[in-house]
Amino acid sequence: MHVLYVIDSLVPAGAERSLEALAPRYAARGVRLDVAYLHERAGLHQQLEAAGARLFTLAGHGGRAGWVRRAASL
């Protein structure tokens, strides 16, 4: 199974910490976890990658339409 998790950013807060806790469990069950985030902010990048998640930024030009185009390309 392949999961694409889209989140606002990877700042160490509630939803992001929950994702950090779940990531190793996904990997242990053979789930490929990709995480796409909208805003470039310092955060849990290293922890998620260490847990086996692949990270993709959706940040860039074009606002919401740009986010949608970049997410669709994943």
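Just so you know, these numbers come straight off a predicted model, no measurement behind them. (Residues numbered from 1 in each chain as written. Predicted model: local features only at pLDDT ≥ 70, side-chain atom pairs only at ≥ 80, totals over all residues. Heavy atoms only, no water.)

So, the sheet that holds strand 1 (residues 2-7)
So the rule is basically this: The criterion for strand pairing is that DSSP finds at least two bridges linking the strands in question. Helix and strand definitions follow DSSP, with helices as H or I runs of at least four residues and strands as E runs of at least two, each counted in order from the N terminus. Here, axes are lines fitted to C-alpha atoms. For helices the fit covers the stretch in contact, and angles between N-to-C directions go from 0 to 180 degrees.
Pairing is parallel in the open sheet, where three strands are placed in the order 1-2-3. The open sheet is flanked by strand 1 and strand 3 (54-57), the only strands paired with a single partner. Averaged over all pairs of adjacent strands, the angle between strand axes in this sheet comes to 20°, irrespective of strand direction. Sheet topology note: the strand 1/strand 2 (residues 32-37) ladder contains six bridges and is parallel. Looking across to strand 2, one finds that H2 is bridged to R32.

Remarks on the nonpolar core
Nonpolar side chains in soluble globular proteins tend to end up buried together. Our working rule: The definition of a nonpolar core used throughout is a set of buried Ala, Val, Leu, Ile, Met, Phe, Trp, Tyr and Cys residues joined through side-chain atoms within 4.5 Å. Only protein chains enter the calculation, and the probe is 1.4 Å; a residue is then buried if its accessible area is under 20% of its type maximum, exposed if over 50%, and partly exposed in between. Between two residues, a contact is recorded if the distance between any of their heavy atoms is within 4.5 Å.
Counting residues in hydrophobic clusters, the biggest one holds 14 residues, and the most contacted among them are L10, L33, V35, L48, A53 and L55. Contributions of two or more residues to this core are made by strand 1, helix 1 (14-28) and strand 2. If you tally residues by element for this core, the top one is strand 2, at three residues. For A53, the residues in contact, after removing those within four places along its chain, are L33, V35 and L48.

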